[in-house]
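Chain and residue survey
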Amino acid sequence: MTTDPTGAVDATHAELARRRSLGPVVVEEVESTVDGPRQWFGVYRWDEVRAALSHEALSACLYHDEMGLGRRYGEVLLGMDPPAHRHHRAVLQPSFSRASVSGRLRSAVTTPVDAAVDGLVDGRSGLGGRADLLPALCEPVPVRVLTALLGVPADLAGLLADQAVVLGRGEPDRSVEVADELRARVEPLVRARRSAPPGDDLISVLAHGTVAGRPLSDVEVFSHVRLLAIAGTDTVTRAMGNLLAALLTHPTQLAAVREDPRLVPAAVEEAIRWECPAVSVPRIARTDLELAGASIPAGSAVRVSLGAANRDPARWAHPERYEVTRAALPHAGFGIGAHSCLGLHLAHVLLGHVVTTLLGRLPGLRLDAEVPRPVVVGTDLRAPTHLAVRWD
């Protein structure tokens, strides 16, 4: 399942388009659960996706089981509903504000990119440079950014990255093992931060954080750290890979950005619309509700398709095309509503710096003609399988 750089629609997006054509709310499969059968519905159009993500009666609680391993480590922020979600998110929100990531935290975001590109430049031979940007840049940089933001030792990078990798493989027992390993390393750091004056690193922010007038518990702090590890490594790697795949497989768009660096923010935004890392998010109806004229009984699940909404032809002309000069419209790639991406501003700074640095330091950056062109693959999570490039 791929996104063809020629603009052809791949199997995943073709299926999303088919479901989008079925109507505003699609009746889908019945899932067998320990509590009995659960009816699934799907929304695939921009208006209905926006409405679903903003609907107060649609709960994100499924994430407690999927990402929280059955609440073993407390509730995960991604699965909380108001008012708990609002209170917990408020602890971290200031650290991820536009002012923070563009100011005092900017070096934590940009330094790992610069170091990775230094390695590419230093490895260049007399015949020019050649590398696969996935292992050379997209995979190591996000976790190095995360270790800097958390204020944890660099040797925790592998364990942080493993949280998402193992979870994505659907290995619950191994997921518990790597989570327990991370918890054993993080808890002493939390205790040390609690006994020290508040600092800017995220471990300190959480260790001194309060919710409804009480300190966050150790379990709550670890739950937030683990979610940051999942969202801040694999998801960012995918977003970075999709962005670079978009530019490298669209030479005219790459040339436009190279000629006018002011287009870099638009290139980032359009890439997230064109190929967002997560295709859909789940919601559970807490009460009987109506969505776009359809009745959804309490306890039913709703599959909210970000990927389909971002290619809704009712909102974007030729949505399958990657166009950096496209008129800017809000999209669903970073989510919508209360659960919109906490790291939105960080992603903009990081991804923008990646593009600017690569184009500035790797002259003539282009795809390696001796290697098959990269394609974006995946049904639920999307990313390219490689990014083989050359430069002068």
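Please read all numbers here as calculations on a predicted model, not as lab measurements.

**Quick notes on the packing of aromatic side chains**
- If you walk through the whole model with that rule in mind, you get three aromatic pairs.
- Look at tyrosine 73 and phenylalanine 222: their rings are 5.5 Å apart centre to centre, the planes differ by 65 degrees, and that puts the pair in the edge-to-face class. A residue pair is termed long-range when its members are at least 10 positions apart, and tyrosine 73 in the loop between α3 (62–66) and α4 (84–92) and phenylalanine 222 in helix α12 (residues 218–232) qualify at 149 residues.
- Under the relative-accessibility criterion, tyrosine 73 is labelled buried at 2%.
- Each ring, one from tryptophan 274 and one from tyrosine 322, has its centre 5.7 Å from the other, and the planes form 55 degrees; the classification is tilted. Of the two residues, tryptophan 274 is situated in helix α15 (residues 264–274) and tyrosine 322 in the loop between α16 (306–309) and α17 (344–361); the sequence distance between them amounts to 48 residues.
- The exposure class of tryptophan 274 is buried, given its relative accessible area of 2%.
- For tyrosine 322, a relative accessible area of 1% translates into the label buried.
- Lying over the aromatic face of tryptophan 316, arginine 273 brings its terminal NZ or CZ to 5.6 Å of the ring centre.
- The ring of tryptophan 316 carries the charged tip of arginine 315 above its face, separated from the ring centre by 5.2 Å.

**As for the nonpolar core**
- Ranked by size, the top nonpolar core spans 86 residues in total, and within it Met240, Leu244 and Leu358 carry the most contacts.
- Not counting residues within four places of it along the chain, the set of residues in contact with methionine 240 comprises Leu137, Cys138, Val141, Pro142, Leu350, Leu351 and Val354.
- By size, the runner-up hydrophobic cluster in this structure holds 26 residues, among which are Phe41, Val49, Val281 and Trp316.

**Let's talk about α12**
- With 15 residues, α12 should reach 21 Å at 1.5 Å per residue; the first-to-last C-alpha distance of 20 Å fits that figure.
- Of all 15 residues in α12, 12 are buried, a share of seventy percent or more.

**Points about the sheet that holds strand β5 (residues 129–132)**
- Taking strand neighbours across the sheet as the criterion, the three strands line up as β5-β15-β12 in an open arrangement whose pairing is antiparallel. The strands lining the two open edges of the sheet, one partner per strand, are β5 and β12 (366–367).
- Across two bridges, the pairing between β12 and strand β15 (residues 388–391) is antiparallel. Across the sheet, residue arginine 366 finds its bridge partner in β15, namely arginine 390.

**What about the confidence of the model for the protein chain?**
- With 96% of its residues at a pLDDT of 70 or more, the protein chain has an overall mean of 93.
- Confidence drops under a pLDDT of 50 for residues 4–8, and excluding neighbours within four residues, the segment shows six contacts in the predicted structure.

**Some thoughts on the state of the cysteines**
- The full count for this structure, using the stated rule, is zero disulfides.
- The cysteine cysteine 138 is free of any disulfide, with cysteine 276 supplying the nearest cysteine sulfur at 17 Å.
- The thiol sulfur of cysteine 276 is not disulfide-bonded, and the nearest other cysteine sulfur, from cysteine 341, lies at 12 Å.
- In this structure cysteine 276 comes out as buried when scored by relative accessible area, which is 3%.

**Some remarks on the pattern of salt bridges**
- Throughout the structure, instances matching the rule amount to 29 salt bridges.
- The partner of arginine 18 in a salt bridge is glutamate 15, and the shortest N-O contact between them spans 2.8 Å. With a gap of three residues between them, arginine 18 and glutamate 15 both fall in helix α1 (residues 11–21), about one helical turn apart.
- With relative accessibility at 28%, the residue glutamate 15 sits in the partly exposed group.
- Here aspartate 234 and arginine 238 are joined by a salt bridge, their closest N and O atoms 2.9 Å apart. Linking aspartate 234 with arginine 238, this pair stays in helix α13 (residues 234–248), spanning four residues, or about one helical turn.

Thresholds, definitions, all that
- Residues numbered from 1 in each chain as written.
- Predicted model: local features only at pLDDT ≥ 70, side-chain atom pairs only at ≥ 80, totals over all residues.
- Heavy atoms only, no water.
- Phe/Tyr/Trp six-rings, centres within 6.5 Å; stacked < 30°, edge-to-face > 60°.
- Helix = DSSP H or I, 4+ residues; strand = E, 2+ residues; numbered from the N terminus.
- Buried < 20%, exposed > 50% of the residue type's maximum accessible area, 1.4 Å probe, protein only.
- Lys NZ or Arg CZ within 6 Å of the ring centre and 35° of its normal.
- Core = buried A, V, L, I, M, F, W, Y, C linked by side-chain atoms within 4.5 Å.
- Contact = heavy atoms within 4.5 Å.
- Expected span 1.5 Å × (residues − 1).
- Pairing = 2+ DSSP bridges.
- pLDDT = per-residue confidence, 0-100.
- Disulfide = S-S within 2.5 Å.
- Salt bridge = Lys/Arg side-chain N within 4 Å of Asp/Glu carboxyl O.

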